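Report on the structure
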Amino acid sequence: MKIPLLDLGSQLTPLRDEIIEAVTNVIDSTTYIQGPEVLALENEVAEYCNAACAIGVSSGTDALLVSLMALGIGPGDRVLTTSYSFFATMGVILRCGATPVFADIDPTSFNIDPSAMAVILEKDTKKTIKAIIPVHLYGQCADMGEIMALSKKHDIPVIEDAAQAIGADYPSASGEWLRSGSIGLAGCFSFFPSKNLGGIGDGGMVVSNNIEFGERIRKLRNHGAEPKYYHAEIGGNFRLDPIQATVLRIKLKHLEKWHAARRSNAKTYNDLLSKTSLVSDDIITLPTAVYQDQAEQSAAPTINHHIYNQYVLTVDKRDDLVSFLKSKDIGCEIYYPLCLHEQECLANIIEKPVLTHSESAARSTIALPIYPELTFEMQNYVVDTIITFYKD
Ligand SMILES: *Cc1c(COP(=O)(O)O)cnc(C)c1O
């Protein structure tokens, strides 16, 4: 059986006619920049995310970049973030001329550890840390309650890298569930095709509950022009394509169903793997859904305590398992084989920090196929193949 890591064809098939028609309408409208489809998507995403405003941008990377630009991050500034993330999280900091500073992750959630952040912030007596970028890795929110407390205490804005977590919910101390992206000063989403809400090309969105900040992003997205051809400040071309917007509007209507299917697939893997001795023998550690118990005890209808953009196991003999699964036509991936602080491009910029949990995760985790259309038979085959690998 051939099982890809992601099968976008199976998602496209039932929506294909609707998508072709919508794209045709955009083409026929001859409105190729901004326009009503982008505006409509912005309104729908703002509502979905419980945010006061949303600004469509060209990618998740540009969502982060324009947010840092709006904060005026530049040379001499430092930005506190996690080292266990996709390159863009750090790339945007460097492109602003600033330097990243890394806090280690919590090995249970793989998200940035607030207690490690606190140590770094206490040491920053010269107040060079000007922004905090937590990442909601794999579709589960970082510990935003603690992170926002640190943000308040040290008066440093938070930009959420929610690229993998659109729609994910976080339980606040008051018992209210907050949506990813709506908690910090701004939240950044990616519509890269592999994300839970993916376009037919690149795209992204910034959401904020601070209207003034949102307006700044809106201006910087379009070269900082206001009015047209008058530039009091320097922005860029960070606009979202209306063809992407029209496709994303169709897919957004199915997003909750897809999140639920991914959660259900995660449960199936957990159940199947728990029946083997691999879990009890600590050869495999299942992903921890940190907020699941709270979600199940809650009276609210559907809570996305995790949206499983990735289903990630911690395993023994990781690299050999990857090779074995690939040889059996099972798609899998390592997110990410190198931490950000280990990247070559950083070697001459900062002194290498010690981040034990981040490095350990990079050496021992593997992502399995988790897309919504995966069948039980496929998951069973994946697990059987994993069992075969450890038996030999
Ligand atoms: C995908 C991703 C990005 C970048 O999004 P693009 O749309 O590909 O630019 C940023 N951060 C994280 C954590 C991501 O997973």
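Note that the coordinates shown come from a computational prediction; the quantities given were computed from them, not determined experimentally. Counting from 1, residues in each chain are numbered in the order their sequence is written. For this predicted model, a pLDDT threshold of at least 70 governs which residues receive local features, and a threshold of 80 or more governs which side-chain atom pairs are given and counted, while totals over whole chains, interfaces and linings are taken from all residues. Excluded from the side-chain calculation are hydrogens and water; included are all heavy atoms of the structure.

**Looking at the site of the ligand**
Around the ligand, the structure places 15 residues, and the nearest of them are Gly60, Thr61, Gln164, Ser190 and Lys195. We call two N or O atoms a polar contact when they sit within 3.5 Å, provided that within protein one can donate a hydrogen and the other can accept it, with sequence-adjacent residues counted only if both atoms are side-chain atoms. Taking Asp161, its side chain carries an N or O atom lying 2.8 Å from a nitrogen atom of the ligand. At 2.6 Å, a side-chain N or O of Lys195 approaches an oxygen atom of the ligand. Secondary structure is summarised from DSSP: a helix means a run of H or I of at least four residues, a strand means a run of E of at least two, and numbering begins at the N terminus for each. For the shell around the ligand, the elements supplying multiple residues, two or more each, are helix H4 (60-70) and helix H5 (88-95). As a working rule, the residues Ala, Val, Leu, Ile, Met, Phe, Trp, Tyr, Cys and Pro are called nonpolar, Asp, Glu, Lys and Arg charged, and the rest polar, with Gly in that last group. Residue composition of the shell around the ligand, by class: five nonpolar, eight polar and two charged. Here a residue is considered near a molecule or strand provided that any single heavy atom belonging to it is located within 4 Å of it.

**What about the sheet that holds strand S12 (residues 365-368)?**
At least two bridges found by DSSP between two strands are what make those strands a pair. Within the open sheet, the three strands sit side by side as S10-S11-S12. Their pairing is antiparallel. On the outer flanks of this sheet lie strand S10 (284-285) and S12, each paired with one strand and no other. Relative to strand S11 (residues 311-315), S10 runs antiparallel, the two sharing two bridges. Bridged to Thr285 within S11 is Thr314. Residues count as neighbours in contact if any of their non-hydrogen atoms are within 4.5 Å of one another. Whenever a helix is involved, its axis is fitted only over the stretch in contact; in every case the axis is a line through C-alpha atoms, and angles between N-to-C directions fall within 0 to 180 degrees. Most of the contacts of helix H14 (residues 356-364) go to S12, to which it runs at about 50 degrees, and overall it touches S11 and S12.

**Digging into the domain arrangement of the protein chain**
Either an automatic procedure or a domain database provided the assignment from which the domain bounds are taken. Domain parsing of the protein chain yields domain 1 (8-103 + 110-252) and domain 2 (255-391). Placing a centre on the C-alpha atoms of domain 1 and another on those of domain 2 gives a separation of 24 Å. Summed over both partners, the interface of domain 1 with domain 2 buries about 3,300 Å², with 61% contributed by carbon and sulfur atoms. Note on definitions: salt bridges are taken to be side-chain nitrogens of Lys or Arg within 4 Å of carboxyl oxygens of Asp or Glu. Linking domain 1 to domain 2 there are zero salt bridges. There are 26 residue pairs in polar contact (both at pLDDT 80 or more) connecting domain 1 and domain 2. Listing elements by their share of the side of domain 1 that touches domain 2, those giving two or more residues are helix H1 (8-12), H5, strand S3 (99-103), strand S6 (169-171), strand S7 (177-179) and helix H9 (242-252). With four residues, S3 is the largest single contributor of residues to the side of domain 1 that touches domain 2. Among the residues forming the side of domain 1 that touches domain 2, the class breakdown is 23 nonpolar, 13 polar and five charged. Put simply, buried area is the surface a 1.4 Å probe can reach on two separate parts but cannot reach once they are joined, added for both.

**Concerning a nonpolar patch on the surface**
Patch membership requires more than 30% relative accessible area and the absence of a salt bridge. Residues of like charge join within 9 Å; the nonpolar side chains Val, Leu, Ile, Met, Phe, Trp and Tyr join within 5 Å. Per-residue and other accessible areas follow the Shrake-Rupley method at a 1.4 Å probe size, with only the shown protein chains counted as cover for residues. A cluster of nonpolar residues, Ile27, Tyr32 and Ile33, forms a patch on the protein surface that exposes about 310 Å² of accessible area. Position of Ile27 relative to the elements: it lies in helix H2 (residues 16-29). Exposure categories follow from relative accessible area, calculated using a 1.4 Å probe and restricted to protein chains: below 20% of the type maximum is buried, above 50% is exposed, and the middle band is partly exposed. With relative accessibility at 42%, the residue Ile27 sits in the partly exposed group.

**So, helix H13 (residues 318-327)**
Among the residues making up H13, those that are buried are Arg318, Leu321, Val322, Phe324 and Leu325. For H13, the arc enclosing every buried residue in end-on projection is 165 degrees, short of the 170-degree limit, so these residues lie on one face. The positive-phi residue at the C-terminal boundary of H13 is Asp329, with phi of around 65 degrees. To obtain the arc, one takes the directions from the helix axis to the C-beta atoms.

**Points about the pairing of strand S8 (residues 186-190)**
Extensive coverage of S8 is indicated by the burial of five of its five residues. Residues of S8 alternate between two faces, with Ala186, Cys188 and Ser190 on one and Gly187 and Phe189 on the opposite face, all of them buried. Taken together, the three bridges between strand S5 (residues 159-161) and S8 define a ladder with parallel strand orientation. Bridge pairing in S8 links Asp161 to Cys188.

**Overview of the side chain of Glu342**
Within the fold, Glu342 resides in the loop between H13 and H14. By relative accessible area, Glu342 is classed as buried at 16%. For Glu342, the side chain forms a polar contact with the main-chain nitrogen of Cys339, separated by 2.7 Å. Polar contacts involving the side chain of Glu342 include one to the side chain of Arg363, which spans 2.3 Å.

**Let's talk about the nonpolar core**
Residues belong to one nonpolar core when they are buried, are Ala, Val, Leu, Ile, Met, Phe, Trp, Tyr or Cys, and are joined through side-chain atoms within 4.5 Å. Formed by 31 residues in total, the largest nonpolar core has its most connected members in Ile284, Tyr311, Leu313, Ile366, Leu368 and Ile386. Secondary structure elements with two or more residues in this core: helix H10 (255-274), S11, H13, S12 and helix H15 (376-391). Broken down by element, the residue count for this core peaks at six residues, all from H15. Among residues more than four places away in sequence, those in contact with Ile386 are Leu278, Ile284, Leu321, Leu325 and Leu368. If you look at the next biggest cluster of nonpolar residues, it comprises 27 residues, including Cys49, Phe189, Met205 and Ile250.

**A closer look at the pattern of salt bridges**
Tallied over the entire structure, the rule returns 15 salt bridges. Between Glu37 and Arg249 there is a salt bridge, with the nearest N and O atoms lying 3.2 Å from each other. Of the two residues, Glu37 sits in helix H3 (residues 36-48) while Arg249 sits in helix H9, which places them 212 residues apart along the sequence. As a salt-bridge pair, Glu42 and Arg218 come within 3.2 Å of each other at their nearest N and O atoms. Of the two residues, Glu42 sits in helix H3 while Arg218 sits in helix H8 (residues 211-221), which places them 176 residues apart along the sequence. What you see here is one network of salt bridges that share partners, running through Glu42, Glu215, Arg218 and Arg221.

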